[in-house]
Amino acid sequence: MTTSTDKSYFDLHITGLGYLNRIREVKPKKGDAFLACDIAALNGPSDDVAYVRFDTRVSGSEAQHLVRRCIQAVDAEKKVMIGFRLGDLWTDTFTYSKGKRAGEQGVSLKARLLFVSWIKVDGQLVYKAEPKPTDADDRDARNTDVPAASAEPQAAASEPARPAAEAADEAAADAPALEVAESF
């Protein structure tokens, strides 16, 4: 009988889309500096959108890299919309120090920005994350019962034939989007 000392956790993740704001480097009195940003997440029906504001700490090197690349666009007051995944949600209470609510208590939703799935700047797609292989893909790659040569004719037969001109037009239409994404 073996005993495991590994702890298990239940993750609560929030996925959505929203506008990126207030990208900043936070330097606390104690501890290391970190990258933070606000996300105004869209919520509710598309014809009457409400916004939920999250104050996030950017976690993970890829997410940090992508958010840093958005600093100029956010500072130029362009509309930077992202698809995101947040984790470790918690609340923080504070007291308003100025404005018409000065002296009142407020609540801030805080979380860690774990993953950025795509970025649009002024409606133009500039980044899209590559899909990660799943466990099923790994099993298919290890499956040696079916020869690789026999899988190709089945795939070709199941895909409807389309004219070469149509395929070329489609590739040409995708080229500007790819150039923008690569330049970002």
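Up top is the structure these notes are about.
Residues numbered from 1 in each chain as written. Predicted model: local features only at pLDDT ≥ 70, side-chain atom pairs only at ≥ 80, totals over all residues. Heavy atoms only, no water.

J.: Kindly report on a nonpolar patch on the surface, identifying the contributing residues and their values.
T.: The grouping of L17, L42, V49 and Y51 at the surface amounts to a nonpolar patch, some 310 Å² of accessible area in total. Residue position: L17 is located in strand β1 (residues 13–26). Looking at L17, the relative accessible area reads 34%, which means it is partly exposed. (Patch = residues over 30% accessible without salt bridge, like charges linked within 9 Å, V, L, I, M, F, W, Y side chains within 5 Å. Areas by Shrake-Rupley, 256 points an atom, 1.4 Å probe, with all protein chains shown as cover. Salt bridge = Lys/Arg side-chain N within 4 Å of Asp/Glu carboxyl O. Helix = DSSP H or I, 4+ residues; strand = E, 2+ residues; numbered from the N terminus. Buried < 20%, exposed > 50% of the residue type's maximum accessible area, 1.4 Å probe, protein only.)

J.: Outline the nonpolar core, supporting the account with residue identities and numerical values.
T.: Counting residues in each nonpolar core, the largest one holds 26 residues, and the members touching the most others are L20, I23, I39, V80, I82, L113 and I119. Taken together, the elements giving at least two residues each to this core come down to β1, β2 (34–43), β3 (50–58), α1 (61–69), α2 (71–75), β4 (80–95), β5 (105–121) and β6 (124–128). It is β5 that provides the largest number of residues to this core, a total of 5 residues. Excluding residues that lie within four positions of it along the chain, I82 makes contacts with G16, L17, G18, L20, I39, V116, W118 and I119. (Core = buried A, V, L, I, M, F, W, Y, C linked by side-chain atoms within 4.5 Å. Contact = heavy atoms within 4.5 Å.)

J.: So, the side chain of S59: which residues are in play, and what are the values?
T.: Relative to the assigned elements, S59 resides in the loop between β3 and α1. By relative accessible area, S59 is classed as buried at 12%.

J.: Before we move on, could you go through the pairing of β4 and cite the residues and values that matter?
T.: Relative to β4, β1 runs antiparallel, the two sharing 7 bridges. Directly across from I14, in β4, lies its bridge partner L86. The pairing of β4 with β5 spans 14 bridges and is antiparallel. Note that in β5 the partner of W90 across the bridge is K110. (Pairing = 2+ DSSP bridges.)

J.: Let's hear about the pattern of salt bridges: which residues, and what values?
T.: What the rule picks out here adds up to 8 salt bridges. With a shortest N-O distance of 2.5 Å, D88 and R112 are connected by a salt bridge. With a gap of 24 residues between them, D88 in strand β4 and R112 in strand β5 connect regions that are remote in the sequence. Overall, the relative accessible area of 34% leaves R112 in the partly exposed class. Within this structure, R22, R24, D38, R53, D55 and K110 form a network of salt bridges that share partners.

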